[in-house]
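Coordinate analysis (summary)
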Amino acid sequence: MNDLEYFLLILTRVSCFIFAAPFFSLNNTPRHVRVVLAVFTSLLLYQTLTPADAVEYSTVFGYSTIVLKEAVTGLLVGLGTSMCSAIVNFAGHIADMETGLSMVTLMDPATRESTSITGVFYQYVVMLMLIASGMYRYLFGALADTFVLVPVNGAIFQMDSLLVSVVKFLGDYIVIGFRICLPVFCVILLLNAILGVLAKVSPQMNMFAVGIQLKILVGLSVLLLSASMLPDAANFIFMQMKEIITAIVGGMM
């Protein structure tokens, strides 16, 4: 019974992580696949880890408290990595606001949320690059390391440290998002200045009708030309994932 209880605690943290981490938490990933992956990963970790004697409780409420603590631990680590993958959606929204495509929204089949065209483009390209670079191996490796740094029933939530980590991440979130959409932002800003000069030189020209077409054409051209910069953006996001996971785990030790 002690071994079963210890395995269930491992399964709780692993399943919460998988249902919150990027790529695994997508709605187009079948739920039974996520359940099997969580159980299989928990079995491997259970064979590796040594059951701790610190899992002590006297009532059902005490065991439920331990289960809740493990669930929060897995969710925090998974949500930290999931927030990093949302940077590209932020960059896509800014790019669409500049090019005039912000009114065109579509339903993302992965998240079942309304998103912009450029955001979907950035999201899928960066996600494919992260998968090709071995992001999933790092996520599972980081999950296994959490059981060494934060053993079962050993999480101590330091709210001050976690708050500082989240605030620092939000600052990096905005900086990285603007770096991704910076080419589109700069070119559209220059185009607005040119249209402003033309509006003064040729008042009879309808700059509103001309500007909408030029912004879309120039914006799509810049997106095509700046596609070679997306591997660097994926590297920024990957490094940010490592930093936020380290910071969150450090706030629970």
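In case you missed it, the structure is sitting above this.
Below, the structure is looked at part by part. (Residues numbered from 1 in each chain as written. Predicted model: local features only at pLDDT ≥ 70, side-chain atom pairs only at ≥ 80, totals over all residues. Heavy atoms only, no water.)

Along the protein, the regular secondary structure elements total nine helices and two strands. N-terminal to C-terminal, the α/β element order of the protein is α-α-α-α-β-β-α-α-α-α-α. For the protein, the C-alpha radius of gyration of 23 Å lies well beyond 18 Å, the compact-globule estimate for 253 residues. If you line up the protein on its principal axes, its C-alpha atoms span 85 × 35 × 30 Å. Put simply, the protein has 253 residues, and 41% of those count as buried. (Helix = DSSP H or I, 4+ residues; strand = E, 2+ residues; numbered from the N terminus. Rg over C-alpha atoms; globule rule 2.2 N^0.38 Å. Buried < 20%, exposed > 50% of the residue type's maximum accessible area, 1.4 Å probe, protein only.)

So, on to the nonpolar core. The biggest cluster of nonpolar side chains holds 58 residues, and the ones touching the most others in it are I10, V14, L130, F147, I180 and I237. Residues in contact with I180, not counting those within four places in the same chain, are I87, V88, A91, Y122, A233 and I237. (Core = buried A, V, L, I, M, F, W, Y, C linked by side-chain atoms within 4.5 Å. Contact = heavy atoms within 4.5 Å.)

This next bit is on the side chain of T146. Within the secondary structure, T146 is located in helix α6 (residues 135-149). Excluding anything up to four places from it in sequence, T146 contacts R13, V77, P151 and V249.

What follows deals with the packing of helix α7 (residues 159-201) against helix α9 (residues 230-250). For the pair α7 and α9, the least separation of the axes is 10 Å and the interaxial angle reads 175 degrees. On the basis of their axis angle, the class for α7 and α9 is roughly antiparallel. Across the interface between the two elements, L162, S165, K168, F169, D172, I176, R179 and I180 of α7 pack against A233, F236, I237, Q240, E243, I244, A247 and I248 of α9. (Axes fitted to C-alpha atoms, helices over the stretch in contact; angles between N-to-C directions. Parallel < 35°, antiparallel > 145°, perpendicular 65-115°, else oblique.)

Okay, the side chain of S42 next. Residue placement: S42 occurs in helix α2 (residues 31-48). By relative accessible area, which is 0% here, S42 ends up buried. Polar side-chain contacts of S42 include one of 2.7 Å to the backbone oxygen of A38. When residues no more than four places from it in sequence are discounted, the contact partners of S42 are F7, I10, L11 and V14. (Polar contact = N/O pair within 3.5 Å; in protein donor to acceptor, adjacent residues only side chain to side chain.)

Mapped onto the elements, F7 comes out in helix α1 (residues 2-18). When the C-alpha atoms of F7 and V39 are compared, they prove to be 9.7 Å apart, with 32 residues separating the residues in sequence. For F7, the contacting residues outside a window of four places in its chain are S42, L43 and Y46.

In this model α9 runs 30 Å from its N-terminal to its C-terminal C-alpha over 21 residues, within 8% of the 30 Å that 1.5 Å per residue would give. Every buried residue belonging to α9 is among L230, A233, A234, I237, F238, Q240, M241, I244, I245, I248 and V249, and all of these are buried. Projected down its long axis, α9 carries its buried residues within an arc of 165 degrees, all on one side. Across α9 from its buried face, at more than 90 degrees, point the exposed residues D232 and T246. Elements in contact with the buried residues of α9: α3 (60-85), α4 (87-99), α5 (117-132), α6 and α7. (Expected span 1.5 Å × (residues − 1). Arc of directions from axis to C-beta.)

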